[in-house]
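# Results of the structural survey
Next come the chains, spelled out residue by residue.
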Amino acid sequence: MEKKQELYHGKAKSVYETDDSNHYIMLFRDDTSAFDGKIIKQLERKGRTNNRFNFFIMKKLEAAGIPVHVEELLSDTECLVKKLKMLPVECVVRNVAAGSICKRLGVEEGKDLNPPTFEFFYKDDSLHDPMVNDSHIISFGWGTQEQIDEMKALSFKINDVLKALFDEAGLILVDYKLEFGLYEGKLMLGDEFSPDGCRLWDKETRKKLDKDRFRQGLGEVIEGYEEVARRIGCPL
Ligand code: ADP
Ligand code: UDP
């Protein structure tokens, strides 16, 4: 598959056209951003780690019946994906309170959320990805009621699969963000699932092994990602 021009240069990944009009190449860079891109740093091995991590998780999800965009691991940092028309919303599932929900609702970090919560955010860095509801999504034409229902159902099905996978590795899946898109009219999981877009804590010590190590200046960021990969049996 030939890599053509860069179509999109995001905060952490780049999307390239290919000689096949149905596919893109997604390149995972070492760039790491936090606070809507206000802080950007290069972290050695991050592109490679997240590319391999994402491929491993997406294949697990596919095996569990979730439609996913990944096709083939092309190199250490590149993955062939189906070209999706992305819906401009982020889907966040939370099993335990952390991050923005703690500030927004005055909840203490670490509180179990039973049943897990689901939130939509409108994907727009200049607006700091505001939280939106189903009605906003429909009125602004970002998605239909059917797509909303499907995104929620798939997000919770993914929770069942991944909570169990991480639990077996002695990890708590605290929360995560997903993005969906359309391929030939069918909703599919796009973007990535990696420690950049989720929170994972050690079950015993509650040590953070995700991007909060970067956000909170805790150090050993990629070492944390690598530990998670090793524990779930993901080859790096
Ligand atoms: P951001 O846009 O937040 O800076 P990234 O650096 O991760 O994020 O850039 C990747 C971009 O590619 C995101 O905007 C994401 O929505 C988009 N994307 C992910 N998967 C696909 C896909 N299969 N087809 C089209 N676009 C995709
Ligand atoms: N998240 C993400 N990208 C975003 C916003 C959130 O990957 O633009 C992930 C984040 O890593 C966490 C979950 O979504 O796992 C919930 O994030 P939260 O709303 O708590 O926001 P934060 O305070 O982390 O920015």
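Residues numbered from 1 in each chain as written. Chains lettered and ligands numbered in written order. Predicted model: local features only at pLDDT ≥ 70, side-chain atom pairs only at ≥ 80, totals over all residues. Heavy atoms only, no water.

### Notes on the pattern of salt bridges
To keep things clear, this is the line we draw: Just to be clear on terms, a salt bridge is a Lys or Arg side-chain nitrogen sitting within 4 Å of an Asp or Glu carboxyl oxygen. Per the convention used, a helix needs a DSSP run of H or I reaching at least four residues, while a strand needs a run of E reaching at least two, with both numbered from the N terminus. Per-residue accessibility, obtained with a 1.4 Å probe over protein chains only, is compared with the maximum for each type, and a residue is labelled buried under 20%, exposed over 50%, and partly exposed between these values.
Counting across every chain of the model gives 26 salt bridges. Of the charged contacts, one joins Asp-125 and Lys-11 as a salt bridge, the two residues approaching to 2.9 Å between their closest N and O atoms. Of this pair, Asp-125 sits in the loop between strand E10 (112-122) and strand E11 (131-132) while Lys-11 sits in the loop between strand E1 (3-9) and strand E2 (13-18); the two residues are 114 residues apart in sequence, bridging distant segments of the chain. Relative accessible area serves as the criterion here: at 32%, Asp-125 is assigned to the partly exposed category. A residue is classified by how much of its surface remains accessible, and Lys-11, at 33% relative accessible area, is partly exposed. With a closest N to O distance of 3.0 Å, Asp-167 and Lys-203 form a salt bridge. With Asp-167 in helix H4 (residues 145-168) and Lys-203 in the loop between strand E15 (198-202) and helix H5 (212-215), this pair connects stretches of sequence that are 36 residues apart.

### Examining helix H1 (residues 46-63)
Note the cut-off: A helix's residues, less one, multiplied by 1.5 Å, set its expected span.
Its 18 residues place the ends of H1 26 Å apart at the C-alpha level, agreeing with the 26 Å of an ideal helix rising 1.5 Å per residue. Here H1 has its buried residues at Lys-46, Gly-47, Thr-49, Asn-50, Asn-51, Phe-53, Asn-54, Phe-55, Phe-56, Ile-57, Met-58 and Leu-61. Where H1 terminates, the next one or two residues include Gly-65, which has phi positive at roughly 95°.

### Focus on the packing of H1 against helix H6 (residues 221-232)
Packed helices, taken two at a time, are described by the angle their axes make and the gap between the axes. Using the following cut-off: Axis angles are defined between N-to-C directions and span 0 to 180 degrees, where every axis is a line fitted to C-alpha atoms and, for a helix, only to the segment in contact. Each angle is binned into one of four classes, with values under 35 degrees roughly parallel, values over 145 roughly antiparallel, values of 65 to 115 roughly perpendicular, and all other values oblique. Whether a crossing is left-handed or right-handed is set by the direction in which the near helix is turned from the far one by less than a right angle, anticlockwise for left-handed and clockwise for right-handed. When checking whether two residues touch, look at their non-hydrogen atoms; a contact exists if any pair is within 4.5 Å. We call Asp, Glu, Lys and Arg charged. Ala, Val, Leu, Ile, Met, Phe, Trp, Tyr, Cys and Pro are nonpolar, and the rest, Gly among them, are polar.
The geometry of H1 relative to H6 is characterised by a closest axis approach of 11 Å and an angle of 30° between their N-to-C directions. Comparing their axes, H6 and H1 come out roughly parallel. With respect to the hand of their crossing, H1 and H6 are arranged in left-handed fashion. Residues Lys-46, Thr-49, Asn-50, Phe-53, Phe-56 and Ile-57 of H1 lie in contact with H6, whose contacting residues are Ile-222, Tyr-225, Glu-226, Val-228, Ala-229 and Ile-232. Residue composition of the contact of H1 with H6, grouped by class: eight nonpolar, two polar and two charged.

### Re H6
In a regular helix each residue adds 1.5 Å, so 12 residues correspond to 16 Å; H6 covers 17 Å between its end C-alpha atoms and thus fits that length. Considering only its buried residues, H6 is in contact with H1, H4, strand E12 (171-178), E15 and H5. A positive backbone phi angle near 80° is found at Gly-233, which sits one or two residues after H6.

### Details of the site of ligand 1
Formally: If even one non-hydrogen atom of a residue comes within 4 Å of a molecule or strand, that residue is called near it. In protein, a polar contact requires one atom able to donate a hydrogen and another able to accept it; more generally it is a pair of N or O atoms within 3.5 Å, and residues adjacent in sequence count only if both atoms are side-chain atoms. Computed by Shrake-Rupley with a 1.4 Å probe, the accessible areas treat only the displayed protein chains as cover when residues are assessed.
Around ligand 1, a shell composed of 16 residues is seen, among which Tyr-8, Lys-11, Ala-12, Lys-13 and Glu-179 lie nearest. Tyr-8 has a polar side-chain atom sitting 2.5 Å from an oxygen atom of ligand 1. Lys-123 has a polar side-chain atom sitting 3.0 Å from an oxygen atom of ligand 1. Computed on the free molecule, ligand 1 has an accessible area of 550 Å², of which 89% lies beneath the protein chains in the complex. Listed by contribution, the elements that provide at least two residues to the shell around ligand 1 are E2, strand E3 (23-28) and strand E7 (78-82). When its residues are assigned to classes, the shell around ligand 1 shows eight nonpolar, two polar and six charged.

### Overview of the packing of aromatic side chains
Quick reminder of the rule: Geometry of aromatic contacts follows a simple scheme: Phe, Tyr and Trp rings, the Trp one being its six-membered ring, pair when their centres are within 6.5 Å, and the pair is stacked under 30 degrees between planes, edge-to-face over 60, tilted otherwise.
This structure, assessed with the given rule, holds six aromatic pairs. Measuring from ring centre to ring centre gives 4.8 Å for Phe-118 and Phe-120, while their planes differ by 85°; the resulting arrangement is edge-to-face. Phe-118 gets classed as buried once you look at its relative accessible area, which sits at 19%. Both rings, one in Phe-118 and one in Phe-156, keep their centres 6.0 Å apart while their planes meet at 50°; by these two values the pair is tilted. Separated by 38 residues along the polypeptide, Phe-118 in strand E10 and Phe-156 in helix H4 bring together distant segments of the chain. Of the aromatic side chains, those joined through ring pairs into one cluster are Phe-118, Phe-120 and Phe-156.

### Considering unusual backbone geometry
For the peptide bond that leads from Asn-114 to Pro-115, omega is 5°, which places it in the cis range. Within the element layout of this structure, Pro-115 appears in strand E10. Although it is not a glycine, Asp-129 adopts a positive phi angle of roughly 45°. Residue position: Asp-129 is located in the loop between E10 and E11. Under the relative-accessibility criterion, Asp-129 is labelled buried at 16%.

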